[in-house]
Amino acid sequence: MSKLFAKKQLSVLLAEASESEKGLKRTLGAGSLIALGIGAIIGAGLFVRTAAAAGQHAGPAVTISFIIAAIGCALAGLCYAEFASMIPIAGSAYTYSYATLGEFIAWIIGWDLVLEYALGAATVAIGWSQYLNKLLTNVFHVTIPYQWCHSPFETSDAGVQGIMNIPSLFILLALTMLLVRGTQGSAMVNNIIVITKVAIVILFIFLGWHFINPAHHTPFTIPADAGTVKMHNGQIVDYSNFWNHGWPGVLRGAGVVFFAFIGFDAVSTAAQETKNPKKNMPIGILVSLVICTVLYILFSYVLTGIAPFQDFLKAGGEASVAYAIDTYMPGYQWLSTFITVAILAGFSSVILVMLLGQTRVFYSMSNDGLVPAIFSKLHPKYRTPYRSQWMFFAFVSLFAAFVPDNVVGDMTSIGTLFAFVLVCIGVVVMRKSNPELPRSFKTPFVPFIPILGAGFCLMMIISLGLENWARLFVWLGLGLIIYFGYSVKHSKARKMLDKE
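Just so it is clear, the structure is predicted and the values come from calculations on it, not from any experiment.

(A) Structural context of the overall build of the protein. The secondary structure content of the protein amounts to 18 helices and two strands. Within the protein, buried positions represent 62% of all 500 residues. Within the protein, counting contacts between residues at least 6 apart in sequence, those at least 24 apart form 79% of the total.

Shown next, in the form of structure tokens:
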């Protein structure tokens, strides 16, 4: 049992971090980290999941859903910031859990992070495909056939069944090739994209404010007698369902739009590529979270004021922002095209950070012996885990090409929330087990803040429903098979215990 919960010594972690010249290059400053965070945060969560949460669960009160999700993220973010300043090494929540809760919990969280980063990248790639089709239709009057931009589990109103989402594969391939060439070049591309999409979000808020119809905000939450709506994919949404109206719907909406915030913790996966990480990591995590929260609340308020929430499930089910502009903002069709281009660029930066984060988590797990050495094999020239990058390209592509976005998105949310719960608990454990360790950033009001953060995240997990819980347990079951079949035999921490 002691080996099952063997902890990786902090001195070993810090020694690994100090050997950056032998591994990942330290090239990122505070500004790049903030841009990295914003690049991951503002994307499909804002432009796709906002409409899904408003249409199915929360209505105009999706703005409150964003506030609830932001509170949970802020509380978890404070815990992340303490760990990132204390353990500046790649691996994010996995590494933190290994130092505080032991190997078994670390494995669970590392495996769980695949849901966050890999499936998160798949979700955004699907959204990218939808907006690409919108752009091609509006500008070039060319439409990708439904069957070649949708999964086999989706059917159009005309009865056409999807086969494979090809555009999502294209963007995943392009960004994988960029990441293989190095983090610094990827960060420069990301910075340009971030400036563009933040400007577009602000422009939409400013121009869209004048088209807000107060009637669309009344009632603010969805009433139980709102009836049913047939979605663009043929699915029927019944608003009498407990989680589809009123305040329960707002809470469920928080679980859905939570996907929009997951990027801030991706900053922590780049710790080993950061200059002065003890100072810059907390800045990157918290500043990016604050900026995006403000933009989210304003954006969702304007979007639900422009169009009735039911529209986001019908004609506006795909590329909802562009639909709202085309339908309810006469004279601003140019903005629809402009914003679609910016959204495509924004989605690209999100996918970029997700793929980066995923390979860095497995880079750490591979160095610890929990997954094969191929995941930590660095390119001889670019010093990036290139083989891992290509393997995850193949894995993510399967989900992006053959699974609907709502399924992948909810799995991402529940996996991320579970990771946040363990990080919050880990701060309390570390304060008791290693109170003497230097912390350049301290989570305030411990244990109150971590416990409250874990509580908020658990509340959103519960709201995601039994179907997503079942998927999580199946995924964790598969992970346990790999852990007991491979990891326990190759764990470096276990081998050190055997020597002792």
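There is more to say after this.
(B) Examining a nonpolar patch on the surface more closely. On the surface, a nonpolar cluster with roughly 440 Å² of combined accessible area is contributed by Trp209, Val290, Val294, Leu298 and Tyr301. Counting through the fold element by element, Tyr301 comes out in helix α11 (residues 277-306).

(C) Focus on the confidence of the model for the protein. Model confidence for the protein is summarised by a mean pLDDT of 83, while 89% of its residues fall at 70 or above. Helix α1 (residues 10-18) is the least confidently modelled element of the protein, averaging 67 in pLDDT, while helix α14 (residues 386-402) averages 93, the highest of any element.

(D) Local environment of the packing of helix α6 (residues 103-140) against α14. In contact at an axis separation of 8 Å, α6 and α14 are set at 55 degrees when each is read in the N-to-C sense. Overall, the two elements α6 and α14 adopt an arrangement that is oblique. Crossing handedness for the pair α6 and α14: right-handed. The residues of α14 that touch α6, namely those facing Val114, Ala118, Leu119, Ala121, Ala122, Ala125 and Ile126, are Phe392, Phe395, Val396, Phe399 and Ala400.

(E) Region of interest: the nonpolar core. Counting 153 residues, the largest nonpolar core has Ile42, Phe47, Tyr131, Phe204 and Val321 as its most contacted members. A per-element tally of this core places α6 first, with 22 residues. Beyond its immediate chain neighbours, meaning those up to four positions away, Phe204 contacts Trp209, Phe299, Val302, Leu303, Ile306, Val321, Ile325, Met329 and Ile339.

(F) Geometry of the packing of aromatic side chains. Counted according to the given criterion, the structure contains 29 aromatic pairs. A ring pair is formed by Phe211 and Tyr332, whose centres lie 5.5 Å apart and whose planes are at 85 degrees; its orientation type is edge-to-face. One end of the pair, Phe211, is in the loop between α8 (183-208) and β1 (228-230); the other, Tyr332, is in the loop between α12 (320-328) and α13 (333-367), with 121 residues separating them in the sequence. Judged by its relative accessible area of 24%, Phe211 is partly exposed. A centroid spacing of 5.9 Å and a plane angle of 50 degrees characterise the contact between Phe375 and Phe392, whose relative ring orientation is tilted.

(G) Region of interest: the state of the cysteines. All chains considered together, the criterion is met by zero disulfides. Lacking any disulfide linkage, Cys424 is separated from the closest cysteine sulfur, that of Cys79, by 3.9 Å.

(H) Examining helix α16 (residues 448-463) more closely. Taking 1.5 Å per residue as the helical rise, α16 with its 16 residues ought to reach 22 Å, and the 23 Å between its terminal C-alpha atoms agrees with that figure. Within α16, burial applies to Ile449, Pro450, Gly453, Ala454, Phe456, Cys457, Met460, Ile461 and Ser463. Within two residues after α16, Gly465 carries a phi angle of roughly 90 degrees, on the positive side.

(I) Representation of the side chain of Ser397. Tracing the backbone through its elements, the reader meets Ser397 in helix α14. Taking relative accessible area as the criterion, Ser397 reaches 8% and is therefore assigned buried. The contacts of Ser397, once residues within four sequence positions are left out, are Leu169 and Leu172.

(J) Representation of unusual backbone geometry. Of the consecutive residues Thr218 and Pro219, the connecting peptide bond is found in the cis state with omega at -5 degrees. Along the chain, the position of Pro219 falls in the loop between α8 and β1. For the peptide bond that leads from Val446 to Pro447, omega is 10 degrees, which places it in the cis range. Located in the positive-phi region is His141, a residue other than glycine, with phi close to 55 degrees. Examined against the element boundaries, His141 turns out to sit in the loop between α6 and α7 (166-180). Look at His141 and you get exposed, because its relative accessible area is 67%.

(K) Here's a closer look at the environment of Asp410. Turning to its location among the elements, Asp410 is positioned in helix α15 (residues 405-433). Each C-alpha atom, one on Asp410 and one on Asn468, is 6.9 Å from the other, the two residues being 58 residues apart in sequence. The contacts of Asp410, once residues within four sequence positions are left out, are Arg49, Val256, Leu464 and Asn468.

(L) Looking closely at the pattern of salt bridges. For the structure on display, the rule yields five salt bridges. Across the pair Arg431 and Glu82 runs a salt bridge whose closest N-O atoms are separated by 2.9 Å. With a gap of 349 residues between them, Arg431 in helix α15 and Glu82 in helix α4 (residues 62-86) connect regions that are remote in the sequence. Given a relative accessible area of 23%, Arg431 falls into the partly exposed group. With relative accessibility at 1%, the residue Glu82 sits in the buried group.

(M) Region of interest: α7. Given a rise of 1.5 Å per residue, 15 residues ought to cover 21 Å, and the 22 Å separating the end C-alpha atoms of α7 matches this to within 8%. When we look at burial in α7, the residues that qualify are Pro167, Ser168, Leu169, Ile171, Leu172, Leu175, Thr176, Leu179 and Val180.

(N) The arrangement of the packing of helix α5 (residues 93-100) against α6 in detail. At a minimum axis distance of 7 Å, the contact between α5 and α6 shows a crossing angle of 170 degrees. Our classification of the angle between α5 and α6 gives roughly antiparallel. Counted together, Ala93, Tyr94, Ser97 and Tyr98 of α5 and Glu103, Ala106, Ile109, Gly110 and Leu113 of α6 form the full contact between these two elements. Grouping the amino acids of the contact of α5 with α6 by side-chain chemistry returns six nonpolar, two polar and one charged.

(O) Structural detail: the side chain of Thr443. Along the chain, the position of Thr443 falls in the loop between α15 and α16. Of the residues examined, Thr443 reaches a relative accessible area of 2% and is grouped as buried.

(P) Inspection of the environment of Ala121 at higher detail. Tracing the backbone through its elements, the reader meets Ala121 in helix α6. With a relative accessible area of 0%, Ala121 lands in the buried category. C-alpha separation for the pair Ala121 and Leu355, spaced 234 residues apart in sequence, amounts to 6.6 Å.

(Q) Geometry of the environment of Pro248. You can see Pro248 is positioned in helix α9 (residues 246-257). Taking the relative accessible area as the measure of exposure, Pro248 reaches 22% and is therefore partly exposed. For the pair formed by Pro248 and Ala58, sequence separation is 190 residues and the distance between their alpha carbons is 8.3 Å. Apart from the residues lying within four places of it in its own chain, the contact partners of Pro248 are Phe242 and Trp243.

Calculation notes
- Residues numbered from 1 in each chain as written.
- Predicted model: local features only at pLDDT ≥ 70, side-chain atom pairs only at ≥ 80, totals over all residues.
- Heavy atoms only, no water.
- Helix = DSSP H or I, 4+ residues; strand = E, 2+ residues; numbered from the N terminus.
- Buried < 20%, exposed > 50% of the residue type's maximum accessible area, 1.4 Å probe, protein only.
- Contact = heavy atoms within 4.5 Å.
- Patch = residues over 30% accessible without salt bridge, like charges linked within 9 Å, V, L, I, M, F, W, Y side chains within 5 Å.
- Areas by Shrake-Rupley, 256 points an atom, 1.4 Å probe, with all protein chains shown as cover.
- Salt bridge = Lys/Arg side-chain N within 4 Å of Asp/Glu carboxyl O.
- pLDDT = per-residue confidence, 0-100.
- Axes fitted to C-alpha atoms, helices over the stretch in contact; angles between N-to-C directions.
- Parallel < 35°, antiparallel > 145°, perpendicular 65-115°, else oblique.
- Left-handed = near helix turned anticlockwise from the far one by under 90°.
- Core = buried A, V, L, I, M, F, W, Y, C linked by side-chain atoms within 4.5 Å.
- Phe/Tyr/Trp six-rings, centres within 6.5 Å; stacked < 30°, edge-to-face > 60°.
- Disulfide = S-S within 2.5 Å.
- Expected span 1.5 Å × (residues − 1).
- Nonpolar A, V, L, I, M, F, W, Y, C, P; charged D, E, K, R; others polar.

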